[in-house]
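Summary of structural features
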Amino acid sequence: MKKCNKLIILFCLSALTILCAGCQKEPDDSIPENTMQTEQGSIHDPETDPGADSESRSGSEMPMPTNVPFPESDMNAVNFNDGNFAFIRIPDDSTVKGELSVENLDGNFMLKFTDLSTDSGNPAESVQKIQISVGQLLNPDQLESVHKIDFDLYQPEVSANTVIYAETLCADGNIYKFENVSAGNENFCHAEFEFLLADSGKCWDSSMQNVNVTVIRSGMQDSSEFYLDNLVFYDVEGNSIPLHIQHNRSENAEITQE
């Protein structure tokens, strides 16, 4: 009987030992709840926090566009977003060998003239020219309404002697050199060419064919490219004239003067 009691006592002591061991707190390797909340709070949501991630958004992923000084383009402006420049060529009398292309300049598509022949030894003789076919941009009955022509110009390299001007054949059969040119020797400029003598026949009319404007750039010190965009035609009251662009070429390969 005594042996039985001893066995019962030993059994009870063993069970008590096991229960006590189970009640001891084991080390907790998990992240405390308050620590997890702190880490989650440090994750900014741009949708709910307007100031979140402002540094990355203003960094190299979104550079300031090169054409920032230019105003917003007119609704009737000729731009090159579709890659079409079939209405522009390098005329045969240009003393500079070059090529035309459409380039994406910091998100803005512009017509680019690449100079292939000017160097430090021949800047005085180097004259860059591009010829814009107005007949492919406007209808004949719109020609006589044109009083002013504007466009934006970007010149990565420019000197104090750089000059921009333009000329065209008028209804009276004479070459007219546009006056009142605001383009100058700046990297960014807005060119404005006006028919100041329109009352004397220095203008276009609906009887004319193959109407062109030749933009001329001279006074370079070295090989120099330039970019053109946002070509707009205005009437005498300052209203932009709607475009009627004709696509006369099936392809817009680069045009190179050999």
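Rules used throughout
Residues numbered from 1 in each chain as written. Predicted model: local features only at pLDDT ≥ 70, side-chain atom pairs only at ≥ 80, totals over all residues. Heavy atoms only, no water. Buried < 20%, exposed > 50% of the residue type's maximum accessible area, 1.4 Å probe, protein only. Helix = DSSP H or I, 4+ residues; strand = E, 2+ residues; numbered from the N terminus. Pairing = 2+ DSSP bridges. pLDDT = per-residue confidence, 0-100. Contact = heavy atoms within 4.5 Å. Salt bridge = Lys/Arg side-chain N within 4 Å of Asp/Glu carboxyl O.

Quick word on the pairing of strand S5 (residues 148-154)
- The buried fraction of S5 amounts to 7 of the 7 residues, a majority that puts the element mostly inside the structure.
- Side chains Lys148, Asp150, Asp152 and Tyr154 project from S5 onto one buried face, and the interleaved Ile149, Phe151 and Leu153 project onto a second face that is buried too.
- Two elements, S5 and strand S8 (residues 188-194), share 7 bridges in a ladder whose sense is antiparallel. Among the inter-strand pairings, Lys148 is bridged to a residue of S8, identified as Glu194.

A closer look at the confidence of the model for the protein chain
- Of the residues in the protein chain, 65% have a pLDDT of 70 or more, and the chain-wide mean is 74.
- Across residues 249-258, confidence stays below pLDDT 50; counting only partners more than four residues off in sequence or on other chains, it has 29 contacts.

With respect to the pattern of salt bridges
- Inspection of every chain in the model, using the stated rule, returns 5 salt bridges.
- Between Lys129 and Asp93 there is a salt bridge; the shortest N-O distance is 3.1 Å. Taken together, the residues span a long stretch of sequence, with Lys129 in strand S4 (residues 127-133) and Asp93 in the loop between strand S1 (88-89) and strand S2 (98-105) at a distance of 36 residues.
- As a salt-bridge pair, Lys202 and Asp172 come within 3.2 Å of each other at their nearest N and O atoms. Remark: Asp172 occurs in the loop between strand S6 (163-169) and strand S7 (175-177) and Lys202 occurs in the loop between S8 and strand S9 (212-218); sequence separation between them is 30 residues.
- Residue classification places Lys202 among the buried positions, given a relative accessible area of 17%.
- A relative accessible area of 34% places Asp172 in the partly exposed class.

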